[in-house]
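Remarks on the overall topology
Spelled out, the chains give:
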Amino acid sequence: GAGVSQTPSNKVTEKGKYVELRCDPISGHTALYWYRQSLGQGPEFLIYFQGTGAADDSGLPNDRFFAVRPEGSVSTLKIQRTERGDSAVYLCASSLGEGLTTDTQYFGPGTRLTVL
Amino acid sequence: KQEVTQIPAALSVPEGENLVLNCSFTDSAIYNLQWFRQDPGKGLTSLLLIQSSQREQTSGRLNASLDKSSGRSTLYIAASQPGDSATYLCAVDNTDKLIFGTGTRLQVFP
């Protein structure tokens with residue numbers, strides 16, 4: 001595909017359940033980012049991958065959140081023991097990852113997570 | 001810690017007006033600054049990217065300026081149209097991650 005894709009587009013779960021959110025970056029992009037956007041707010045950084053490794057996970061709110069990118073392409077954001085406060089839109093972005101000041105991040109449509 | 005602020009939070013104007021959206025940031029050590037558009041229920045679309053060494057970028061009716069020393073950027077929209085209605089987000093990149101403002105919600109009415 002031409003752009004970043006995310007699945008599912010919507011996810012409704014119950015408090016305490018485990019969820020996985022998937023991101024397919026643009027082909028050839030080595031950098032991948034996860035952000036979380038609450039209603040009326042700008043996106044907040046969660047984690048950044050360069051290749052297969054997490055280069056910066058300083059935005060993960062607690063140890064219930066975990067993300068992987070085992071083959072350097074698709075990434076999965078995993079949330080354990082979901083809480084109502086986890087409800088938000090989870091956005092994924094990718095970029096060439098060349099470390100240039102022109103490196104634009106391209107965003108997917110997001111996954112809207114609702115925890116009941 | 002980098003903080004990004006956008007003013008105004010919301011703006012409603014008649015079609016045809018020229019607009020200025022403001023963005024300020026607290027740490028001038030940035031790689032670049034980007035302006036994004038977000039339509040309701042959608043992801044973000046990059047509009048303009050200004051490198052730290054640049055002063056402005058233009059794309060069609062959009063012009064973005066950057067004054068790193070004062071920590072400010074403006075997005076100028078010329079001859080606004082109803083199709084410009086969306087939320088506009090400013091983001092700075094200073095450590096390989098984007099720090100966003102809360103956005104300006106723009107409505108252009110016919």
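This text goes with the structure placed above it.
Rules and cut-offs
- Residues numbered from 1 in each chain as written.
- Chains lettered and ligands numbered in written order.
- Predicted model: local features only at pLDDT ≥ 70, side-chain atom pairs only at ≥ 80, totals over all residues.
- Heavy atoms only, no water.
- Pairing = 2+ DSSP bridges.
- Helix = DSSP H or I, 4+ residues; strand = E, 2+ residues; numbered from the N terminus.
- Axes fitted to C-alpha atoms, helices over the stretch in contact; angles between N-to-C directions.
- Disulfide = S-S within 2.5 Å.
- Buried < 20%, exposed > 50% of the residue type's maximum accessible area, 1.4 Å probe, protein only.
- Contact = heavy atoms within 4.5 Å.
- Buried area = accessible area lost by both parts, 1.4 Å probe.
- Salt bridge = Lys/Arg side-chain N within 4 Å of Asp/Glu carboxyl O.
- Nonpolar A, V, L, I, M, F, W, Y, C, P; charged D, E, K, R; others polar.

Some remarks on the sheet that holds strand 3 (residues 19–24) of chain A
The pairing of strands in a sheet comes from backbone hydrogen bonds and takes either a parallel or an antiparallel form. Residues and elements named next belong to chain A. In spatial order, the strands read 1-3-8-7; together these 4 strands make up an open sheet with antiparallel pairing. Looking at which strands have only one partner, the edges of the open sheet turn out to be strand 1 (5–7) and strand 7 (65–68). The sheet shows a mean angle of 15° between the axes of neighbouring strands, direction not considered. Note that strand 1 and strand 3 share 3 bridges and pair antiparallel. The residue bridging S5 from the neighbouring strand is D24, located in strand 3.

Digging into the sheet that holds strand 7 (residues 62–67) of chain B
Residues and elements named next belong to chain B. Taken together, the 5 strands give an open sheet; going across it, the order is 1-3-8-7-6, and neighbouring strands pair in antiparallel fashion. Because the sheet does not close on itself, it has two edges, and the strands there are strand 1 (4–7) and strand 6 (56–59). Neighbouring strand axes in the sheet, compared pairwise and without regard to direction, differ in orientation by 15° on average. Sheet topology note: the strand 3 (residues 19–25)/strand 8 (residues 72–77) ladder contains 6 bridges and is antiparallel. Opposite L21, over in strand 8, you have L75 as the bridge partner.

Let's talk about the state of the cysteines
Residue and element names in this part refer to chain B. Applying the stated criterion across every chain, the model contains 2 disulfides over all chains. Through a disulfide, C23 is tied to C90; the S-S separation comes to 1.9 Å. A torsion of -55° about the S-S bond marks the disulfide between C23 and C90 as left-handed. You can see C23 sitting in strand 3 and its partner C90 sitting in strand 9 (residues 86–93), a full 67 residues away along the chain. Accessibility classification places C23 together with C90 in one group, the buried group.

Points about the interface of chain A and chain B
Every contact between the two is made by 21 residues of chain A and, on the other side, 20 residues of chain B. Between chain A and chain B, a total of about 1,500 Å² is buried, with carbon and sulfur atoms accounting for 52% of that surface. Our count for the contact surface shared by chain A and chain B stands at 1 salt bridge. A salt bridge links A:D56 to B:K97; its shortest N-O distance comes to 3.4 Å. At the level of elements, strand 4 (31–37) and strand 5 (44–50) of chain A are the ones that each hand at least two residues to the side of chain A that touches chain B. The residue inventory of the side of chain A that touches chain B, partitioned by class, reads 8 nonpolar, 10 polar and 3 charged.

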